[in-house]
Amino acid sequence: MRALIPVIGLVLLGACVADADDEMPQQAELYSVLYYADWCPSCKVLDPALDRAKNSADLNNAPVLFVRLDLTNKKTKAQAALLANALGIGEHLAANDGKTGYAVLIDPETKAAKGTLNKSMSDEAIAMAIKAGIAF
């Protein structure tokens, strides 16, 4: 049970953060799910590119929930599974089969994949793909 508390808190924090001026938190219109591992060379390229894209295109204020599912080891894989299941995207993680170094854009309502991000994309292309997934 102790292991669930940080995961549940992370989900609630990520899904419900609002500015002090906001009356209601925004609902996510898109999940950006990064399949990550510390040992993955592609992750070391994509992760900072995703951060740069978020900052340059002001996506931190967009209705996007950015999620990193860490598949580095057994412990982080178990935590990733808990988080994916809490978001209702456990099937995506199961279908992933342990692959890392890419992100999937997922519709929170239908759970359908709307696009994929990879290390060969520029920061601008990443931002454009995310914007295309939401009513920006």
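Our subject is the structure listed above.
Conventions we followed
- Residues numbered from 1 in each chain as written.
- Predicted model: local features only at pLDDT ≥ 70, side-chain atom pairs only at ≥ 80, totals over all residues.
- Heavy atoms only, no water.
- Helix = DSSP H or I, 4+ residues; strand = E, 2+ residues; numbered from the N terminus.
- Buried < 20%, exposed > 50% of the residue type's maximum accessible area, 1.4 Å probe, protein only.
- Lys, Arg positive; Asp, Glu negative; His and termini not counted.
- Salt bridge = Lys/Arg side-chain N within 4 Å of Asp/Glu carboxyl O.
- Polar contact = N/O pair within 3.5 Å; in protein donor to acceptor, adjacent residues only side chain to side chain.
- Contact = heavy atoms within 4.5 Å.
- Expected span 1.5 Å × (residues − 1).
- Arc of directions from axis to C-beta.
- Core = buried A, V, L, I, M, F, W, Y, C linked by side-chain atoms within 4.5 Å.

> Sorry if this is basic, but what is going on with the side chain of aspartate 107 here?
Position of aspartate 107 among the secondary structure elements: in the loop between β3 (102-106) and β4 (113-118). Despite being buried, aspartate 107 has no salt bridge partner; lysine 114 is the closest side chain of opposite charge, sitting 4.1 Å away. Within polar-contact distance, the side chain of aspartate 107 engages the backbone nitrogen of glutamate 109 at 2.7 Å. The contacts of aspartate 107, once residues within four sequence positions are left out, are Ala112 and Lys114.

> Can you help me understand the pattern of salt bridges in this one?
Oppositely charged side chains can pair when the atoms bearing their charge come close. In total, this model carries three salt bridges according to the counting rule given. Its salt-bridge partner being aspartate 47, residue arginine 68 comes within 2.4 Å of it at the nearest N-O pair. Taken together, the residues span a long stretch of sequence, with arginine 68 in strand β2 (residues 64-70) and aspartate 47 in helix α2 (residues 41-56) at a distance of 21 residues. Owing to a relative accessible area of 42%, arginine 68 belongs among the partly exposed residues under this scheme. For aspartate 123, the salt bridge is made with arginine 52, and the minimal N-O distance between the two is 2.8 Å. Here aspartate 123, found in helix α5 (residues 123-132), pairs with arginine 52, found in helix α2; they are 71 residues apart in sequence, far enough to count as distant.

> Looking at this structure, I do not really get helix α3 (residues 74-87). What am I missing?
Within an α-helix, residues lying three or four positions from one another point in the same direction, as the helix has 3.6 residues per turn. Spanning 14 residues, α3 covers 20 Å between terminal C-alpha atoms, matching the ideal 20 Å at 1.5 Å per step. Of all the residues in α3, the buried ones are Thr76, Ala80, Leu83, Ala84 and Leu87. End-on view of α3: buried residues confined to an arc of 100°, all on one side of the axis. Pointing more than 90 degrees away from the buried face of α3 are the exposed residues Lys74, Lys75, Asn85 and Ala86. N-capping of α3 is provided by asparagine 73, with a side-chain oxygen placed 3.0 Å from the backbone N of lysine 75. In the stretch just after α3, glycine 88 is the one whose phi turns positive, near 80°.

> Sorry if this is basic, but what is going on with the nonpolar core here?
The nonpolar side chains of a soluble globular protein tend to be buried with one another. Core analysis: the biggest nonpolar cluster contains 21 residues, and Leu30, Leu59, Val64, Leu117, Ile126 and Ile130 have the highest contact counts within it. Elements with a minimum of two residues in this core: β1 (30-36), α2, β3 and α5. Grouped together as the second largest cluster of nonpolar side chains are 16 residues, Leu83, Leu93, Tyr102 and Val104 included.

> Would you mind showing me how to read unusual backbone geometry here?
Trans peptide bonds make up the majority, and among non-glycine residues the majority have a negative phi. The backbone of aspartate 58 shows a phi angle near 55°, a positive value even though the residue is not glycine. Tracing the chain through its elements places aspartate 58 in the loop between α2 and β2. Judged by its relative accessible area of 43%, aspartate 58 is partly exposed. Even without being glycine, lysine 111 reaches a positive phi, approximately 65°.

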